[in-house]
Amino acid sequence: MSTSPQKPATSNKQALNPLDLYDVRSELSDEERMVQDTVARFVDDKVLPVIRDAFEKHYFPKDLIAQVAELGLLGSSIEGYDCAGMNAICYGLICQELERGDSGLRSFVSVQSSLVMYPIHAYGSEEQKTRWLPAMAKGEAIGCFGLTEPHGGSDPSNMKTRAKRDGSDWVLNGAKMWITNGSVADASIVWATTDDGVRGFIIEKGTPGFTAQEIENKFSLRASVTAALFLDNVRVPDENVLPGVIGLKGPLSCLTQARYGIAWGVIGAAQACLSEVLNYADDRILFDRPLSHNQAVQIRVADMARRITTAQVLALQLGRLKDAGKLSPTQVSVAKWNNCRAALDIARDARDLLGGAGISAEYVPIRHMLNLESVITYEGTETIHQLVVGKELTGVNAF
Amino acid sequence: MEKILVGLKRVVDYNVRVRVRSDGNGIETDGVKMSINPFDEIALEEALRIKERGEASEVIVVSIGPSEAQQQLRTGLAMGADRAILIESAEPVDPLSGARVFLELVNREQPGLVLLGKQAIDNDNNQAGQMLAAIWGCPQATFASKIDIQGSTATVTREVDIGLETIEIELPAVITTDLRLNEPRYVKLPDIMKAKKKPLDITPIADLGVEMASAYTNVAFDPPEQRTKGVMVQDVAGLVDALKDKGLI
């Protein structure tokens with residue numbers, strides 16, 4: 001019988017939480033901890049039991065919409081309009097816990113909160129706010145955000161969708177691509193070029209000439225709806241224009257909000273992968289000893305924990321800056337880049353460490369890995385974020 | 001009834017693998033996730049449902065514990081309790097002393113019902129509720145899996161070894177809650193903000209004038225023995241031999 005080193009039951013030091021080596025949680029306020037706990041419990045009880053089936057069968061688990069709304073997770077940063085009015089750290093923690101479940105569900109909440117409710121709140125008229133925000137907070141109205149176009153997403157200034165004035169109306173023509181929630185949205189925030197610059201339009205479901213086509217056969221974000229939007233002489237009244245912003249800074253400011261949430265969210269996916277690997281490496285006996293007793297395995301899990309720790313500290317400080325009103329988009333780019341890269345690398349390595357089991361949906365890494373291929377791409381590819389930082393450092397726009 | 005008093009104990013979260021402190025004097029709580037004792041959370045949920053049915057007008061959550069137990073009380077307020085009382089004690093409080101503290105609060109608040117978890121998952125004593133009923137001189141119904149309030153009586157279904165027992169008791173009374181009584185609600189984000197404005201009174205335990213019992217002293221804490229690796233046997237005879245070798249048969 002081989003003797004394997006036993007873990008000591010007592011030690012002089014308290015064991016660290018492998019998913020939070022720097023005890024970032026101790027930096028949170030009571031409210032922030034409560035938010036994390038309630039979302040974590042929701043994910044454990046209601047998301048994890050259904051998400052694998054949704055991913056495998058490629059559908060969005062719509063039953064969860066009412067539940068996330070009931071918890072107050074939609075538009076959580078907005079004050080008033082039946083929204084919770086929580087701080088940026090809370091929004092980050094919501095994203096982190098939801099994405100520990102699945103990036104698809106987190107994407108749904110990111111889009112609704114940061115890309116739809118945020119611009120309506122920041123740039124909308126009072127009528128637009130009272131009409132849409134309470135309904136969106138309750139999950140009764142779903143929104144989507146149309147910026148990216150079929151010819152490319154990284155260069156939004158080359159926008160081909162146009163809106164032209166016609167009397168007191170606007171007429172829109174063009175197409176949008178890779179739109180999360182696109183085919184289920186009651187209201188789409190569509191960005192279009194006008195003679196004055198880029199403007200945001202609220203386009204309601206069923207408006208003549210406006211159609212959404214779901215993108216099928218994705219190998220990523222399978223538990224989330226992605227669609228293409230087509231605008232063929234879509235006529236909307238002037239009341240549907242977001243009056244508060246003209247120019248690309250409108251949609252870009254929304255992206256800053258959403259990217260902030262993503263920087264937090266992917267930590268959850270990475271934690272889920274590391275947790276799975278640690279359990280597996282303890283249980284799996286290879287060459288008469290648990291996998292976790294090998295130096296090569298320890299180095300790899302240590303590296304995962306290091307990168308999660310870095311991501312957590314980065315996200316926390318980013319959140320503190322945001323709450324202090326000092327956030328710069330470049331700082332968000334650093335975190336989106338670093339944390340998505342970390343999470344994707346962790347998920348890929350976790351899948352590999354699980355060997356054959358790693359290709360089975362019974363274990364979470366391959367699902368997170370496939371999801372994160374989207375997450376590292378959308379809301380600014382890794383390259384775009386690198387160039388944002390490069391521009392900050394050199395003062396030269398190299399896009 | 002007017003008031004329901006609910007006990008919320010701060011304990012190590014049920015998901016955490018507890019570790020004995022290096023000095024052997026208890027378990028490690030530094031940097032460990034702490035939560036409301038799950039049975040107490042069920043007690044609070046039940047109290048809130050009773051109130052929501054219009055059968056009570058105020059739910060007061062009480063914790064005896066360190067200053068940090070305010071976190072658990074705030075969670076209780078976010079779930080829907082109306083106000084909170086922390087009886088602050090840096091040292092752990094044994095069940096009898098805890099029952100005496102509750103009796104003092106009962107005398108002050110005059111609740112129609114005290115709802116407690118059947119036990120706390122840290123020490124598993126399962127004593128405080130019974131002791132409170134005894135020193136208060138009121139009826140008790142323990143291990144409740146169903147509670148019906150009709151005016152000044154409560155019909156309580158209890159989970160006992162042979163099945164379910166239904167009893168009727170006069171109020172005021174102490175009821176302790178079992179796992180299957182209800183499923184506690186999720187804390188909603190807007191309610192977390194509202195909870196910040198609800199009253200939370202803190203009283204040092206010494207100020208209550210309650211005699212602290214010291215019926216026992218903790219001598220040692222030991223972690224469960226590590227499971228040793230199993231051995232494979234070829235057949236039944238091998239199994240019997242192995243058991244004989246170990247002196248088990």
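Residues numbered from 1 in each chain as written. Chains lettered and ligands numbered in written order. Predicted model: local features only at pLDDT ≥ 70, side-chain atom pairs only at ≥ 80, totals over all residues. Heavy atoms only, no water.

**Some remarks on the overall build of chain A**
Stage number 1. Broken down by element type, chain A carries ten helices and eleven strands.
Stage number 2. For chain A, the C-alpha radius of gyration of 22 Å lies close to 21 Å, the compact-globule estimate for 399 residues.
Stage number 3. Once the C-alpha set of chain A is aligned to its principal axes, its extents read approximately 85 × 45 × 40 Å.
Stage number 4. Out of the 399 residues in chain A, the part that is buried amounts to 56%.
Stage number 5. In chain A, 75% of the contacts between residues at least 6 apart in sequence involve partners at least 24 apart.
Stage number 6. Chain A carries 40 positive and 48 negative side-chain charges, and their two centres are separated by 4 Å. (Helix = DSSP H or I, 4+ residues; strand = E, 2+ residues; numbered from the N terminus. Rg over C-alpha atoms; globule rule 2.2 N^0.38 Å. Buried < 20%, exposed > 50% of the residue type's maximum accessible area, 1.4 Å probe, protein only. Contact = heavy atoms within 4.5 Å. Lys, Arg positive; Asp, Glu negative; His and termini not counted. Charge placed at Lys NZ, Arg CZ, Asp CG, Glu CD.)

**Structural notes on the pattern of salt bridges**
Stage number 1. On inspection of all chains with the given rule, the structure shows 46 salt bridges over all chains.
Stage number 2. We note a salt bridge from D352 of chain A to R300 of chain A, for which the minimum N-O separation is 2.6 Å. Placement of the pair is D352 of chain A in helix α8 (residues 329–353) and R300 of chain A in helix α7 (residues 295–323), with a sequence separation of 52 residues.
Stage number 3. Residue classification places R300 of chain A among the partly exposed residues on the basis of a relative accessible area of 26%.
Stage number 4. For the salt bridge of R158 of chain B with E165 of chain B, the shortest nitrogen-to-oxygen distance reads 2.6 Å. (Salt bridge = Lys/Arg side-chain N within 4 Å of Asp/Glu carboxyl O.)

**Here's the deal with empty space enclosed by the protein**
Residue and element names in this part refer to chain A.
Stage number 1. Under the definition given, this model contains three cavities of 30 Å³ or more.
Stage number 2. Its boundaries defined by the atoms lining it, the largest cavity holds a volume of some 50 Å³.
Stage number 3. For the largest cavity, the full set of lining residues is L147, T148, E149, H151, G152, G153, D155, P156, N158 and M159.
Stage number 4. Considering only residue class, the lining of the largest cavity consists of three nonpolar, five polar and two charged. (1 Å grid on protein atoms, 1.4 Å probe; cavity = no way out; pocket = protein on both sides within 12 Å on 5 of 7 lines; lining within 4 Å. Points joined across faces, edges and corners; volume = space filled by probe spheres on them. Nonpolar A, V, L, I, M, F, W, Y, C, P; charged D, E, K, R; others polar.)

**Notes on the layout of surface pockets**
Remark: the empty space left among the atoms is shown by a probe the size of a water molecule rolled over them.
All names here are of chain A.
Stage number 1. In this structure, the second largest pocket encloses a volume near 1200 Å³.
Stage number 2. Around the second largest pocket, the lining is made up of 46 residues, and of these G153, L255, R259, E379 and G380 lie nearest the centre.
Stage number 3. Mapped onto the lining of the second largest pocket, the elements with two or more residues apiece are α4 (103–123), β5 (169–180), α6 (249–283), α8, α9 (365–375) and α10 (382–394).
Stage number 4. Looking at the lining of the second largest pocket, the element that brings in the most residues is α6, giving seven residues.

**Concerning the interface of chain B and chain A**
Stage number 1. Between chain B and chain A, the contact holds 31 residues from the first and 34 residues from the second.
Stage number 2. Both sides together, the interface formed by chain B and chain A hides about 2800 Å², and carbon and sulfur atoms give 55% of it.
Stage number 3. Joining chain B to chain A, the criterion identifies four salt bridges.
Stage number 4. The partner of K33 of chain B in a salt bridge is D37 of chain A, with the nearest N and O atoms 3.5 Å apart.
Stage number 5. Here chain B is connected to chain A by nine residue pairs in polar contact (both at pLDDT 80 or more).
Stage number 6. At the level of elements, α2 (70–79) and α5 (189–195) of chain B are the ones that each hand at least two residues to the side of chain B that touches chain A.
Stage number 7. Taken together, the residues of the side of chain B that touches chain A break down into twelve nonpolar, six polar and 13 charged. (Buried area = accessible area lost by both parts, 1.4 Å probe. Polar contact = N/O pair within 3.5 Å; in protein donor to acceptor, adjacent residues only side chain to side chain.)

**What about a nonpolar patch on the surface?**
Residues and elements named next belong to chain B.
Stage number 1. Side chains of V236, V240, L248 and I249 sit close together on the surface and give an oily, nonpolar patch of about 400 Å² of accessible area.
Stage number 2. Along the chain, I249 turns up in the segment after α6 (236–245).
Stage number 3. By relative accessible area, which is 60% here, I249 ends up exposed. (Patch = residues over 30% accessible without salt bridge, like charges linked within 9 Å, V, L, I, M, F, W, Y side chains within 5 Å. Areas by Shrake-Rupley, 256 points an atom, 1.4 Å probe, with all protein chains shown as cover.)

**Considering the packing of aromatic side chains**
Stage number 1. Going through the model one piece at a time under the given rule, you end up with seven aromatic pairs over all chains.
Stage number 2. When the ring centre of Y186 of chain B is taken as origin, the NZ or CZ atom of R41 of chain A, which lies over that ring, is 4.3 Å away.
Stage number 3. Positioned above the aromatic ring of F55 of chain A is the side chain of R222 of chain A, whose terminal nitrogen or guanidinium carbon lies 6.0 Å from the ring centre. (Phe/Tyr/Trp six-rings, centres within 6.5 Å; stacked < 30°, edge-to-face > 60°. Lys NZ or Arg CZ within 6 Å of the ring centre and 35° of its normal.)

**Some remarks on the side chain of K336 of chain A**
Stage number 1. Topologically, K336 of chain A is positioned in helix α8.
Stage number 2. Look at K336 of chain A: it is buried, it has no salt bridge, and the nearest opposite charge is E379 of chain A at 7.3 Å.

**Re the domain arrangement of chain A**
Residues and elements named next belong to chain A.
Stage number 1. With domains assigned, chain A is organised as domain 1 (24–137), domain 2 (143–240) and domain 3 (249–394).
Stage number 2. A separation of 30 Å is found between the C-alpha centroids of domain 2 and domain 3.
Stage number 3. With nine residues of domain 2 at the contact, the number on the domain 3 side is ten residues.
Stage number 4. Note on domain 2 versus domain 3: buried area summed over both sides is about 790 Å², and carbon and sulfur give 74% of it.
Stage number 5. Broken down residue by residue, the surface that domain 2 buries against domain 3 is led by S154, S220 and L221, which jointly contribute 46%.
Stage number 6. For the pair domain 2 and domain 3, the interface holds zero salt bridges.
Stage number 7. The residue inventory of the side of domain 2 that touches domain 3, partitioned by class, reads six nonpolar, two polar and one charged. (Domains from an automatic or database assignment.)

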